[in-house]
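Observations on chain architecture
Here is how the chains run, residue by residue.
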Amino acid sequence: MKRISLILLVFFTACDYVQYQQGKDLYVTHCAHCHMEDGSGVEDLYPAMKDMDVRIDELPCIITQGINHPETLLEMVAIEGLSDVEVSNISNYIMSDMNGRNEELTIKRTKTLLSQCTSQ
């Protein structure tokens, strides 16, 4: 009986598996109020994070600098105060868990990308 309970527990929790849990938590805290928790966006106001046409290398600068997206009515403001690790985890969550892309930013790569976008 214990074995069946354990198998059922693993089965039901596997459906909710998130590879980048901190990224998801940060996304929910900082991004979901505009882009929606499921990444669907809000029509002409905020773009969807699912099925987006953005390279993973672009995300750190977009997250920390904001962006005026030509297809939306509102400008995305910068999210300030995030560490390199947090920016990396949000980016990885969006690309991997939301979009199913097998892409990952390392913390070192994120740091490099952030140094380039702040110097522009």
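Right, let's walk through the structure included here. Everything quoted here is computed from the prediction, not taken from an experiment.

1. Let's talk about the pattern of salt bridges
A side chain of one charge can pair with a side chain of the opposite charge if their charged atoms are brought near each other. Within this structure, the stated rule accounts for four salt bridges. The closest approach of N and O atoms between R109 and D57, which form a salt bridge, is 2.8 Å. With R109 in helix 6 (residues 107–118) and D57 in the loop between helix 3 (32–35) and helix 4 (59–65), this residue pair connects regions lying 52 residues apart in the sequence. Look at R109 and you get partly exposed, because its relative accessible area is 33%. Looking at D57, the relative accessible area reads 25%, which means it is partly exposed. A salt bridge links D84 to K111, with the shortest nitrogen-to-oxygen separation between them at 3.9 Å. Of the two residues, D84 sits in helix 5 (residues 84–98) while K111 sits in helix 6, which places them 27 residues apart along the sequence. On the accessibility criterion, D84 (23% relative accessible area) is partly exposed. On the basis of relative accessible area, K111 is assigned to the exposed category, the value being 53%.

Reading the values: rules and limits
Residues numbered from 1 in each chain as written. Predicted model: local features only at pLDDT ≥ 70, side-chain atom pairs only at ≥ 80, totals over all residues. Heavy atoms only, no water. Salt bridge = Lys/Arg side-chain N within 4 Å of Asp/Glu carboxyl O. Helix = DSSP H or I, 4+ residues; strand = E, 2+ residues; numbered from the N terminus. Buried < 20%, exposed > 50% of the residue type's maximum accessible area, 1.4 Å probe, protein only.

Geometric descriptors of this kind do not, in isolation, establish any biological role.
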